[in-house]
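Geometric and topological summary
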Amino acid sequence: MDRKRSASRIELLAPAGDLKRAQTAVLYGADAVYLGGMKFSLRSRASNFTMEDIREACAFAHAHGSKVHVTVNMIPHDEDFEGLSDYLKELEEIGVDAFITASPAIMKLIRECTSKVEIHCSTQMSVTNAAAANWLKETLDIDRVVLARECSMNNVKSITRDCLIDTEAFIHGGMCVNISGRCTLSNRMTLRDANRGGCAQSCRWTYQLLDGQRCVNERELFTMGSKDLFAADEICDLIEAGVSSLKIEGRMKTEYYVASIVSGYRHLIDEIYENGGRLPEERMAYHRAQIMKGENREVCEGFYPGIAGAGTIIRNTTSDASVNHGFLATVVSFDEARMEAVIETRNPFDTGDEMEILSPGMDCRTFTLTAMKDLRDDSCLTASRRPMAQLLIPVPFAVRAGDIVRKAV
Ligand code: SF4
């Protein structure tokens, strides 16, 4: 079957670091989520998915028409195969839709011990040409290739045109400056194997540069990490190229990040389809701004323009991640008769502030905060400065538990 042409719309694929984030991604519009279990996965140090969680994530995703991909993407050594076939069989029985793996041996094992689950070749295999993708299809019967983040847009177009299987391309999130894990900085500096789930992100640490004994960057420490990928302007090209899935990176990211980034791209992709193609600059500016509300790092277009020059590197300590203060609160409950919501606070805000509600499946709705009451002692406030406080606020439209309150500008 020609799977590449079976889907009518491109898939939006979101990361999930735990069950709550998987559910959030699905509710905010992800067509599929990817997650890792406690074993055999990169990011296994950060994974919170027990088998029972994966079962629940599958049930939730399938009930909402979404899919679940499970990463089995470590670069395995001989001892890492112990228990792997039982693990794969159990995941198939649970109902996962695809395995993401970077090892030909694991691909072969998946074909031998499961029958229904798709195999997606991880970006860790750094596929940058159609011949490699076709070889993997013909030899190991894989279903999809996640293209290397180092592909230019021209590479993506030609590979997708010439290969026999689905292609998946990254659109947002962290980049590994050393070609998706072909790096031993973390191994050597922390004894944590980057390719077995332990990357300590040593490329993002700050360094002094020495010319012999002389420090040449005393005023500004150096870091070699990459800026994050932000490919909102490439979505149309990727759709036209016939790419099957658009992937957001970030299994370590927060629930707010997942909700904001997934929601932003969901709205952008849907509007491109409704419009029948490219959007006017004014609409693109709107979507870029919406997506960036969830981002707290510097961004770039990665390798899509053809070269990833010096501008794609963080370079100095003053330009890396900052705290995102746009996330103000989550809605705990809403009283429709009184048009009042109980919210749980995160970042500071004041009465008079313009706020917006991010709600699954809806456009953002804005309002001006006119009053707030602290439920701890019923005091009226003009400024909220305490995180995790429960406040009662008037809202001029209906909201739901779990909705996100964020700054409108
Ligand atoms: S230390 Fe940086 S460059 Fe090396 S594998 Fe980790 S993220 Fe990639």
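No experiment lies behind these values; they were computed from the predicted model shown.

On inspection of all chains with the given rule, the structure shows two aromatic pairs. Seen in terms of ring centroids, Tyr-256 and Phe-327 are 4.4 Å apart; in terms of plane orientation they differ by 0°. Their pairing is stacked. Within this pair, whereas Tyr-256 is found in helix α9 (residues 255–275), its partner Phe-327 is found in strand β15 (residues 327–335), the two being separated by 71 residues in sequence. By the burial criterion, Tyr-256 is buried, and Phe-327 matches it. Note on Phe-367 and Phe-397: the rings are 5.8 Å apart at their centroids and 85° apart in plane angle, and the pair reads as edge-to-face. Note that Phe-367 is positioned in strand β19 (residues 365–368) and Phe-397 in the loop between β23 (390–394) and β24 (404–407), a separation of 30 residues in sequence. In this structure Phe-397 comes out as buried when scored by relative accessible area, which is 16%. Its guanidinium or amino end placed over the ring of Phe-170, Arg-149 lies 4.2 Å from that ring's centre, counting from NZ or CZ.

Here we come to the site of the ligand. As a matter of local geometry, the ligand sits amid Cys-176, Val-177, Asn-178, Gly-181, Cys-183, Ala-194, Cys-199, Gln-201, Ser-202 and Cys-203. Across the shell around the ligand, the residue classes break down as six nonpolar, four polar and no charged.

Here the chain is described as being made up of domain 1 (7–176 + 227–305) and domain 2 (327–407). On a C-alpha basis, the centres of domain 1 and domain 2 stand 33 Å from each other. At the interface, nine residues of domain 1 touch 14 residues of domain 2. Carbon and sulfur atoms make up 55% of the area that domain 1 and domain 2 hide from each other, which totals about 920 Å². Among the residues of domain 1 in contact with domain 2, Tyr-28, Tyr-256 and His-267 are the three that bury the most area, contributing 56% of the side total. Our count for the contact surface shared by domain 1 and domain 2 stands at one salt bridge. Taking the shortest distance from any N to any O, the salt bridge between Lys-293 and Glu-356 comes out at 2.8 Å. Joining domain 1 to domain 2, the criterion identifies five residue pairs in polar contact (both at pLDDT 80 or more). Broken down by element, the side of domain 1 that touches domain 2 gets its largest block of residues, five residues, from α9.

Taking burial as the measure, the nine residues of helix α1 (residues 19–27) include seven buried ones, the bulk of the element. Taken as a whole, α1 has its buried residues at Leu-19, Arg-21, Ala-22, Gln-23, Thr-24, Ala-25 and Val-26. Residues of α1 that are buried in the fold lie against β1 (11–15), β2 (32–36), α2 (51–63) and α9.

The next point concerns helix α6 (residues 153–162). All of the buried residues along α6 are Met-153, Val-156, Ile-159 and Thr-160. In an axial view of α6, the angular spread of the buried residues amounts to 130°, which keeps them on one side of the axis. In this structure, α6 carries Asn-154 and Arg-161 as exposed residues pointing more than 90 degrees from its buried face. In this structure, the buried residues of α6 make contact with α5 (130–140), β7 (166–173) and α8 (235–241).

This brings us to the nonpolar core. Ranked by size, the top nonpolar core spans 87 residues in total, and within it Val-70 and Tyr-265 carry the most contacts. Tallying contributions element by element places α9 first for this core, with ten residues. A domain split of this core shows at least three residues from each of domain 1 (7–176 + 227–305) and domain 2 (327–407). Once residues within four sequence positions are removed from consideration, Val-70 is found in contact with Leu-35, Ile-54, Tyr-87, Leu-91, Val-96, Ala-98, Phe-99 and Ile-100. If you look at the next biggest cluster of nonpolar residues, it comprises 19 residues, including Val-331, Leu-369, Ala-389 and Leu-391.

A separate point is the pairing of β15. In this sheet, β24 lies alongside β15 in antiparallel orientation, the contact comprising three bridges. Bridge pairing in β24 places Thr-330 opposite Ile-404. Sheet analysis places β15 next to strand β16 (residues 340–345), joined by six bridges and oriented antiparallel. Bridge assignment links Val-331 to a residue of β16, and that residue is Ile-343.

Locating Arg-266 in the fold gives a position in helix α9. Polar contacts involving the side chain of Arg-266 include one to the side chain of Asp-31, which spans 3.1 Å.

Here the focus is the confidence of the model for the chain. Residues shown with low pLDDT carry predicted positions that ought not to be read at fine detail. A residue-level look at the chain finds 95% of positions with pLDDT of 70 or above and a mean pLDDT of 92. In the predicted structure, residues 1–6 sits below a pLDDT of 50 and forms eleven contacts with residues beyond four places in sequence or in another chain.

Parameters at a glance
- Every residue gets a number counted from 1 within its own chain, in the order that chain's sequence is written.
- In keeping with the predicted nature of the model, local features appear solely for residues at pLDDT of at least 70, side-chain atom pairs appear and are counted solely at 80 or more, and the whole-chain, interface and lining totals rest on all residues.
- For side-chain calculations, the full set of non-hydrogen atoms in the structure is used, while hydrogens and water are omitted.
- Side-chain rings of Phe, Tyr and Trp (the six-membered ring for Trp) are treated as a pair once their centres are within 6.5 Å; stacked means planes under 30 degrees apart, edge-to-face means over 60, and tilted covers the remaining angles.
- Secondary structure elements follow DSSP: runs of H or I no shorter than four residues count as helices, runs of E no shorter than two count as strands, and numbering proceeds from the N terminus.
- With a 1.4 Å probe rolled over the protein chains alone, any residue whose accessible area is under 20% of its type maximum counts as buried; one over 50% counts as exposed, and the rest are partly exposed.
- Lysine NZ or arginine CZ positioned within 6 Å of the ring centre and within 35 degrees of the ring normal marks a charge as sitting over the ring.
- A molecule or strand has a residue near it when one of that residue's heavy atoms lies within 4 Å.
- Gly is placed with the polar residues, together with every amino acid not listed as nonpolar (Ala, Val, Leu, Ile, Met, Phe, Trp, Tyr, Cys and Pro) or charged (Asp, Glu, Lys and Arg).
- An automatic or database domain assignment supplies the residue ranges for each domain.
- Any two residues whose heavy atoms approach within 4.5 Å are treated as being in contact.
- By definition, the buried area sums, over both parts, the 1.4 Å-probe accessible area that each loses when the two are put together.
- Here, a salt bridge means any Lys or Arg side-chain nitrogen found within 4 Å of an Asp or Glu carboxyl oxygen.
- Counted as a polar contact is a pair of N or O atoms within 3.5 Å, where, for protein atoms, one must be capable of donating a hydrogen and the other of accepting one, and residues adjacent in sequence contribute only when both atoms are in side chains.
- The directions considered for the arc run from the helix axis to the C-beta atoms.
- What is meant by a nonpolar core is a set of buried Ala, Val, Leu, Ile, Met, Phe, Trp, Tyr and Cys residues, joined one to another through side-chain atoms within 4.5 Å.
- Paired strands are those between which DSSP finds at least two bridges.
- The predictor attaches a confidence to each residue, called pLDDT, with possible values from 0 through 100.

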